[in-house]
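Overview (structure and organization)
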Amino acid sequence: MADALASGGYQIPADADAALNAAFAELLREAQRRGTVRPDGTPDDIQALVIGCVATARHLGVTDLVQIVVVGLRA
């Protein structure tokens, strides 16, 4: 996400990527603890899925891909 913002001309603080990753990992752990997200997904897995969905949406336009991924992540 930081790379995408930086490529758009935004000034990103040096520690923003680490802070964002830590916050995202905490959100994922909490969702897994509550049983709303499957327990086998890692922050890297979810980030890769988000990047893939965004790239696909940019290339093909709006698709149902995001909804398919969200359903697949549910516990």
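Let us look at the structure shown here. (Residues numbered from 1 in each chain as written. Predicted model: local features only at pLDDT ≥ 70, side-chain atom pairs only at ≥ 80, totals over all residues. Heavy atoms only, no water.)

Focus on the environment of Leu-5
Using the following cut-off: Comment: elements are numbered from the N terminus, with helices defined as DSSP H or I runs of at least four residues and strands as E runs of at least two. By definition, residues are in contact when any of their heavy atoms lie within 4.5 Å.
Within the secondary structure layout, Leu-5 lies in helix α1 (residues 2-7). Once residues lying within four places of it in the same chain are set aside, the contact partners of Leu-5 are Tyr-10 and Ile-12.

Here we look at the packing of helix α2 (residues 16-34) against helix α3 (residues 43-60)
When two helices pack together, their arrangement is given by the angle between the helix axes and by the axis-to-axis distance. Spelled out, the test is: Axis lines are fitted through C-alpha atoms, for helices just across the contact stretch, and the angle between N-to-C directions can take any value from 0 to 180 degrees. Small angles under 35 degrees read as roughly parallel and large ones over 145 as roughly antiparallel, with 65 to 115 read as roughly perpendicular and the rest as oblique. All amino acids are sorted into three groups, where Ala, Val, Leu, Ile, Met, Phe, Trp, Tyr, Cys and Pro are nonpolar, Asp, Glu, Lys and Arg are charged, and the leftover types, Gly among them, are polar.
At a minimum axis separation of 10 Å, α2 and α3 run at an interaxial angle of 105°. Considered as vectors, α2 and α3 are oriented roughly perpendicular to each other. Touching Asn-21, Phe-24, Ala-25 and Leu-28 of α2 are Pro-43, Ile-46 and Gln-47, all from α3. For the contact of α2 with α3, a count of residues per class yields 5 nonpolar, 2 polar and no charged.

Details of the environment of Leu-65
Heads up, the condition is: A simple rule labels every residue: compare its accessible area, found with a 1.4 Å probe on the protein chains alone, to the largest value its type can have, and call it buried under 20%, exposed over 50%, or partly exposed in between.
For Leu-65, the position within the fold is in helix α4 (residues 65-73). The class for Leu-65 is partly exposed, based on a relative accessible area of 27%. Between the alpha carbons of Leu-65 and Pro-13 there is a distance of 32 Å; along the sequence they are 52 residues apart. Residues within four places of Leu-65 in sequence aside, it is in contact with Gly-52, Cys-53 and Thr-56.

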